[in-house]
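Chain by chain, the residues run as shown.
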Amino acid sequence: MQNYKLPKVPENVSLPFNEICSVLADICEEKLTQEFFSLSIELALKLARKRPSPLLSGNPKTWAAGIIHTLGLVNFLFDKTQIPYLSSKDLCAWFDLGKSTINAKSQVIREMFKIYQMDPKWCLPSKLIDNPLVWMVLCDGYIVDVRELPEEMQIEAYHAGVIPFIPNKND
């Protein structure tokens with residue numbers, strides 16, 4: 001994560017963005033995964049490029065905590081049965097921030113980008129195959145799991161951009 005090249009952001013927001021990315025790198029290195037880091041950088045980038053950028057106000061550490069909390073809610077980070085796992089209490093302790101502070105920043109981010117639990121756009125790539133919201137499609141007026149459709153229809157759904165990849169039935 002230390003050799004990660006940060007994407008370009010508007011110059012006026014580059015300082016808080018870089019600080020946030022540094023904090024994200026530290027927590028992902030210590031407690032999470034490279035995959036979580038990549039997704040958190042993507043969300044930080046979206047915040048940095050929003051006009052006006054909300055990153056221009058507030059503490060970068062609080063923004064980083066809000067980003068991790070938001071992605072944690074989407075990807076069940078706080079569920080002991082999942083990998084990676086980090087308790088809400090440990091997240092607060094790592095950032096040295098209160099639960100209400102982190103929750104509030106997470107809420108702002110979720111409302112800003114309409115992010116919800118199991119949101120396919122913010123799902124960790126390794127969890128996509130298990131996320132039912134990724135695979136539900138409308139077919140002849142019925143909602144069906146595309147993984148149960150014939151391979152030709154899966155290929156068609158993939159080329160139409162409806163699903164992120166063609167699932168392998170043998171996995």
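Residues numbered from 1 in each chain as written. Predicted model: local features only at pLDDT ≥ 70, side-chain atom pairs only at ≥ 80, totals over all residues. Heavy atoms only, no water.

Asker: Which parts of the structure should I look at to understand the packing of aromatic side chains?
Answerer: For any pair of aromatic rings, geometry is given as the distance between the ring centres together with the angle between the planes. In this structure the tally under the stated criterion is two aromatic pairs. Plain terms: the ring middles of Trp 94 and Phe 95 are 5.0 Å apart, the flat faces sit at 75° to each other, and that makes the pair edge-to-face. Residue classification places Trp 94 among the partly exposed residues on the basis of a relative accessible area of 23%. What makes Phe 95 buried here is its relative accessible area of 1%. Ring plane angle 75° and centroid distance 5.2 Å describe the contact between Trp 135 and Phe 165, whose orientation is recorded as edge-to-face. Residue Trp 135 is located in helix H6 (residues 132-135), and its partner Phe 165 is located in the segment after helix H7 (151-159); the two are separated by 30 residues in the primary sequence. Assessed through its relative accessible area of 0%, Trp 135 is described here as buried. Lying over the aromatic face of Trp 63, Lys 105 brings its terminal NZ or CZ to 4.0 Å of the ring centre. (Phe/Tyr/Trp six-rings, centres within 6.5 Å; stacked < 30°, edge-to-face > 60°. Buried < 20%, exposed > 50% of the residue type's maximum accessible area, 1.4 Å probe, protein only. Helix = DSSP H or I, 4+ residues; strand = E, 2+ residues; numbered from the N terminus. Lys NZ or Arg CZ within 6 Å of the ring centre and 35° of its normal.)

Asker: Explanation requested: the nonpolar core in the structure shown.
Answerer: Within soluble globular proteins, side chains that are nonpolar generally end up buried alongside one another. Residues Leu 24, Ile 67, Ile 68 and Phe 95 are the most contacted members of the largest nonpolar core, which totals 40 residues. Elements supplying a minimum of two residues to this core: helix H1 (14-30), helix H2 (34-49), helix H3 (60-74), helix H4 (88-95) and helix H5 (99-113). Residue contributions to this core peak at nine residues, all from H2. Setting aside residues up to four positions removed in sequence, Ile 68 forms contacts with Leu 24, Ile 27, Cys 28, Leu 32, Phe 36, Ser 40, Leu 77, Leu 91 and Phe 95. Formed by nine residues, the second largest nonpolar core is a distinct cluster that contains Val 134, Trp 135, Leu 149 and Ile 163. (Core = buried A, V, L, I, M, F, W, Y, C linked by side-chain atoms within 4.5 Å. Contact = heavy atoms within 4.5 Å.)

Asker: Sorry if this is basic, but what is going on with the pattern of salt bridges here?
Answerer: Think of it this way: side chains of opposite charge can pair up when their charged atoms draw near. All told, the structure shown has one salt bridge when counted by the stated rule. Here Arg 147 makes a salt bridge to Asp 145, at a shortest N to O gap of 2.7 Å. By relative accessible area, which is 18% here, Asp 145 ends up buried. (Salt bridge = Lys/Arg side-chain N within 4 Å of Asp/Glu carboxyl O.)

Asker: What am I meant to see in the side chain of Thr 62 here?
Answerer: Looking at the element boundaries, Thr 62 is found in helix H3. What makes Thr 62 buried here is its relative accessible area of 9%. With residues near it in sequence (within four places) discarded, Thr 62 still touches Leu 97, Thr 101 and Lys 105.

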